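Listed below are the residues making up each chain.
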Amino acid sequence: MEAKLQSVVQRLQERFPLQVEEFRGEAHVFVQAEHLLHLLEFLKTQEGFEMLSTVTAVDYWPQQQPRFHVIYQLLSLQHNLRLQVRVPVNATEPVLPTITSIYANASWREREVWDMFGIRFQGHPDLRRILMPQDWQGHPLRKDYPLGYEEPQFTFNFEEINQRKPYAKE
Amino acid sequence: MGIEQKLGNMGVVTTTLEQAVNWARTNAMWPMLFGLACCAIEMMAAQASHYDMSRFGMELMRASPRQSDLMIVAGRVTRKMAPVLRRLYDQMPEPKWVIAMGDCASCGGVFNNYAIVQGVDEVVPVDVYVAGCPPRPEALIHGIITLHEKVRGEKFISKA
């Protein structure tokens, strides 16, 4: 890990309870949901991470508990540093506080994470689906979501599936 | 090219109204400009000088559904695009036909997932399916000629 990044992580460890993993010179900071807002606030105001590159999530079902990691990728333009903040989220209550008060551009990213993974963001100004249709059931990027939408028609089951397949009426 | 002389020689041509109308419909069928994915590239190639769809009366792709008779669904249709596709189809004046070009438009193709409509026949009534991923221009032209054959056999009562 780079010395500059090392010192940032050091200062974080003094203030917040967190775990740090290193991967190819990048720091992944694991933090619990209750410290997330303070941590990001601190990183933005004190450490110069003024830009939020992305918010995304990973579903580790069924290998890991808790099942989701929500990932905040931060970028500091003035120090030329990148930092990844990861928050484990439980499947039984997938709720996180919104960070739109700190990084305004998180709004659409959080909508996407809600749409694809079904993780709610408490306090989000407008938490609607962003990619899928509004009346869609389920969250497609969850690992337990069915991979194919429709069974493939072969010669042996053509008639059976044909009966269920919706067709346009003229 | 010679047809004037022929007409002159024959003097009178008799036919049924049905045949005359269907002949007119097949020989001036204007497709709608509606490319969705890589199939649109092949559709453009079919339209361009080398394959030249205007040999079959398809002089130009219309950019407006209100001026077109034929909708070539060239590519995969996402679930969010499906209402738009249906609206464009509803805006086309009767009589109108639909060609599902390529595997994706016909049955979803390789995209059996949450984002893609599994065949545009869920949304609009399809007359001709053209297989291929993407189909070559010859295949599209074959599909269009197949549609022409279908239109030539149409009775006035069957299609409003």
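Structure's up top.
Everything numeric in this text was worked out from a predicted model, so none of it was measured.

### Comments concerning the environment of Ala40 of chain B
Residue and element names in this part refer to chain B. Its location among the elements puts Ala40 in helix H3 (residues 39–47). For Ala40, a relative accessible area of 8% gives the class buried. Measuring from C-alpha to C-alpha, the distance between Ala40 and Val73 comes to 8.6 Å, with 33 residues separating the pair along the chain.

### Things to note about the pairing of strand S3 (residues 97–101) of chain B
All names here are of chain B. In terms of burial, S3 is a largely internal element, 5 of the 5 residues being buried. In this structure, strand S2 (residues 70–74) lies alongside S3, joined through 5 bridges in parallel fashion. The residue bridging Ala74 from the neighbouring strand is Met101, located in S3. Alignment of S3 against strand S4 (residues 128–130), held across 3 bridges, turns out to be parallel.

### Brief notes about the environment of Arg55 of chain B
All names here are of chain B. With respect to the helices, strands and loops of the structure, Arg55 is situated in the loop between H3 and S2. Here Arg55 falls in the exposed class, since its relative accessible area comes to 55%. For the pair Arg55 and Asn27, spaced 28 residues apart in sequence, the C-alpha to C-alpha distance is 9.1 Å.

### Quick notes on empty space enclosed by the protein
If a probe as big as a water molecule is rolled over the atoms, it shows which places are left empty. Residue and element names in this part refer to chain B. Tallied over the entire structure, the rule returns 1 cavity of 30 Å³ or more. The space that makes up the largest cavity amounts to roughly 60 Å³. Along the walls of the largest cavity sit Ala37, Cys38, Cys39, Gly75, Arg76, Gly102, Asp103, Cys104, Gly132, Cys133 and Pro134, which together make up its complete lining. No other element matches the 3 residues that helix H5 (residues 102–107) contributes to the lining of the largest cavity.

Thresholds, definitions, all that
- Residues numbered from 1 in each chain as written.
- Chains lettered and ligands numbered in written order.
- Predicted model: local features only at pLDDT ≥ 70, side-chain atom pairs only at ≥ 80, totals over all residues.
- Heavy atoms only, no water.
- Helix = DSSP H or I, 4+ residues; strand = E, 2+ residues; numbered from the N terminus.
- Buried < 20%, exposed > 50% of the residue type's maximum accessible area, 1.4 Å probe, protein only.
- Pairing = 2+ DSSP bridges.
- 1 Å grid on protein atoms, 1.4 Å probe; cavity = no way out; pocket = protein on both sides within 12 Å on 5 of 7 lines; lining within 4 Å.
- Points joined across faces, edges and corners; volume = space filled by probe spheres on them.

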